[in-house]
Amino acid sequence: MAKAKTAKAAYRCSECGWQTSKWVGRCGECQTWGTVTEAASATPARVVTAGPVSTPARPIGQVDVQNAQTRPTGLDELDRVLGGGIVPGAVLLLAGEPGIGKSTLLLEVAALASTPPEIPRNAPARRVLYVTGEESAEQVRLRADRVGAVTDELYLAAETELSAVLGHVDAVEPALLVVDSIQTIGTSEVDGAPGGVTQIREVAANLIRVAKERGITVVLVGHVTKEGAIAGPRLLEHLVDVVLYFEGDRHSRLRMIRAVKNRYGPTDELGCFDLSEVGIVGLPDPSGLFLTRREEPVPGTCVTVTLEGRRPLVAEVQALVAKSHLPAPRRATSGLDTSRVAMVLAVLAQRCKISMHEQDVYVSTVGGVRLAETSVDLALGLAVAGSTVEQALSGSLIALGEVGLAGEVRVVPGVQRRLAEAARLGFKHAVVPRGSLELADGSPLKRADPQLTSYEGMKVMEVDSLQQALQVAFTAP
C-alpha cells in the first residue's frame, strides 16, 4: 500500500512575498539573494459563499463624483504631479532615499492643508493628523518650528502600534492622515516584526480600509532599498492610489517629485522643489539651476533641452578630455548614463575620426540633474568633441537629438516644445535632427534655405549625422 504524501513546506521571500515549494538561494520575483525562508505549509483554498453587500450596485451614471474632487495642497508643484491636489479617500505612497527630505515635504503639506482659507476655523475638514514612527514628537516639533509648520489644526502623535494609530484617528477625526513611515508601524494581530512582508500588508490593508470608509486622505511614507525600489511587497504599490518618488542629490538643494502611478491624474508630470534650512518651496521655473552663467564660452560645454514628463528643462552638459597617464584611460560620468556616454564616444571615434583612446574623458551635468533621455546624445557628442579639439561652441546655441551607431542623428519627441523653452531663455541657435520641424499634419515648415529655418525667433539648423552636426555647430556665430 502506497504511503500518503505529506504536504511540502512552503518557502517565502521576506522582501516581496514570493512563494515556492522548495528552497532557492535567489528570489524568483525580486531577484534578491538570501531572502527565501521557510514558511507555514500552504492551506487549501476555501469556498466562500455569497453574503450581504455594503452598498447595492447601481448604474455608473448615477454614481456621485463630488467626493472625488481634488483639493489643492498649497504646494503648486505637488499639485501639478497629483493632477490638481489630493482626493478624499485616496491613499498616497511617497518613497525616497533617507535624508532626501520626505518628512520635511509632508510636514509642509500637513501645515498648509490645516490652514486652507476657504474652510472655517475649528472645522473637521481642516484637521490633519501626523503620525511619526521614526522620530519623537519633540524632534518633529523642532523641525516644524524651523520650517514654520506649527498650526492649531495640525495634530502630532508618535506611535508604532496600528491599534494606537487607529485610536488617534477616532479621537481626532482628521481629513488628512500622514504616516511616517509604514515600515515602522506594526500590529500584534499577525506574526513578524514591523517592516516585514506580513506586517506591511496588514497595516496597509487596515489604513486603506479606514481611508475608503471615512473619506480620509492617507499619505504613507515608504523606505527604499539600495537599488532604489520601494521596500516591502510589490502588492503595496498595487493597493494604493498614487505612488510618488522623491528624488534629488543630497549635496544639492534641488528636489524632484514624480508619479509612477496615479489613478486621479497624469504620470508624466514633474515637480521641482528647493530644499533649504527654512523649509521647502516649489520651483516653477527650474531651468536656470542647470546652467552656468559665464561671459565667454568654454570648450567642452553644450546646452540641451530635456523633457521631464511634459516639462522642458534646459540643462548644460560639460566634458573634459585630458591626456591620460594610465594604461587604461579613465571614463568618469556624473548625471549621465554610462552606457550612452560610452556609445557616443565610440561613434565619435569611428564615424567622426576623433580618437580618445589615450585620453581620459570626464562628463557631467550642471546642478546635479540626471539626464537619462536619449535626446542628450547630440549635446554630449558636441561637448566631448569641443573639449578634444579645444574649440568652444557659441553660448547661444543648443543641441538636441539621438545619436545612432551609424552616426545618424534621429528625431526626438517634443522638439518644438523644447525650442520654445530655449527661445524663452534667450538662446538664438539650435542644432536638431532633420525632420524635427513639421506641422501637425506632417508637412514640413516652409523655408528658403533647406539647411536653415527660423522658429520662435531662433535660427534652427537641421542635420542628418553627427559629423554634419559638428561642422554646422562649430561654425555657428
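Owing to the predicted nature of the structure, the values given are computational and were not obtained by experimental measurement.

Engineer: Now, about the overall build of the protein chain: what can you tell me, with residues and values included?
Structural biologist: Looking only at helices and strands, the protein chain features 10 helices and 22 strands. Oriented by its inertia axes, the alpha-carbon framework of the protein chain measures out at about 75 × 75 × 50 Å. In the protein chain, which comprises 477 residues, the share counted as buried stands at 47%. For the protein chain, the accessible surface area stands at approximately 24200 Å², while carbon and sulfur atoms represent 53% of it. Charged side chains in the protein chain number 49 positive and 54 negative. The centres of these two groups are separated by 5 Å.

Engineer: Now, about helix H9 (residues 415–424): what can you tell me, with residues and values included?
Structural biologist: Listed in full, the buried residues belonging to H9 are Val415, Arg418, Leu419, Glu421 and Ala422. Here the buried residues of H9 occupy an arc of 160 degrees about the axis, which is enough to place them on one side. Of the residues trailing H9, Gly426 is marked for its positive phi of about 100 degrees.

Engineer: Could you give an account of the sheet that holds strand E1 (residues 11–13), with specific residues and numbers?
Structural biologist: The antiparallel open sheet is built from 3 strands, whose spatial order is E2-E1-E3. Since the sheet does not close on itself, it has two edges, and those belong to strand E2 (19–20) and strand E3 (36–38), each with one partner. Bridging between E1 and E2 involves 2 bridges; their strand directions are antiparallel. Each residue of the ladder has a partner; that of Arg12, found in E2, is Gln19.

Engineer: Give me unusual backbone geometry: which residues, what numbers.
Structural biologist: Here the bond from Asp180 into Ser181 is cis, since omega is 0 degrees, no more than 30 degrees from zero. Looking at where Ser181 falls in the secondary structure, it is placed in the loop between strand E7 (176–180) and helix H5 (197–214). With a phi close to 60 degrees, Gln31 is a non-glycine residue in the positive phi region. Take Gln31: it is sitting in the loop between E2 and E3. The class of Gln31 is partly exposed, set by a relative accessible area of 39%. A positive phi angle, close to 55 degrees, is found at Glu390, a residue other than glycine. In this structure, Glu390 sits in the loop between helix H8 (377–389) and strand E17 (397–399).

Engineer: Can you explain the domain arrangement of the protein chain? Please cite residues and give values.
Structural biologist: Under the domain assignment used here, the protein chain contains domain 1 (12–36), domain 2 (73–284) and domain 3 (289–475). Centre-to-centre, using C-alpha coordinates, domain 1 lies 44 Å away from domain 3.

Engineer: Please give an account of the UniProt feature "binding site: ATP" (unreviewed entry) in the protein chain that cites residues and values.
Structural biologist: Per the UniProt record, "binding site: ATP" (unreviewed entry) is found at Gly96, Glu97, Pro98, Gly99, Ile100, Gly101, Lys102 and Ser103. Mapped onto the elements of the fold, Gly96 is located in strand E4 (residues 91–96). Overall, the relative accessible area of 4% leaves Gly96 in the buried class. In this structure Gly99 comes out as exposed when scored by relative accessible area, which is 60%.

Engineer: Can you lay out helix H4 (residues 162–172) for me, pointing to particular residues and giving the numbers?
Structural biologist: If you check which residues of H4 are buried, you get Leu162, Val165, Leu166, Val169 and Val172. Buried positions in H4, seen along its axis, are confined to an arc of 135 degrees and lie on one side of it. The secondary structure elements touched by the buried residues of H4 are strand E5 (128–132), strand E6 (154–158), E7 and H5. Of the residues trailing H4, Glu173 is marked for its positive phi of about 55 degrees.

Reading guide: rules and limits
Residues numbered from 1 in each chain as written. Predicted model: local features only at pLDDT ≥ 70, side-chain atom pairs only at ≥ 80, totals over all residues. Heavy atoms only, no water. Helix = DSSP H or I, 4+ residues; strand = E, 2+ residues; numbered from the N terminus. Buried < 20%, exposed > 50% of the residue type's maximum accessible area, 1.4 Å probe, protein only. Areas by Shrake-Rupley, 256 points an atom, 1.4 Å probe, with all protein chains shown as cover. Lys, Arg positive; Asp, Glu negative; His and termini not counted. Charge placed at Lys NZ, Arg CZ, Asp CG, Glu CD. Arc of directions from axis to C-beta. Pairing = 2+ DSSP bridges. Domains from an automatic or database assignment. UniProt positions renumbered as here; feature names shortened; annotations may be inferred. Contact = heavy atoms within 4.5 Å.

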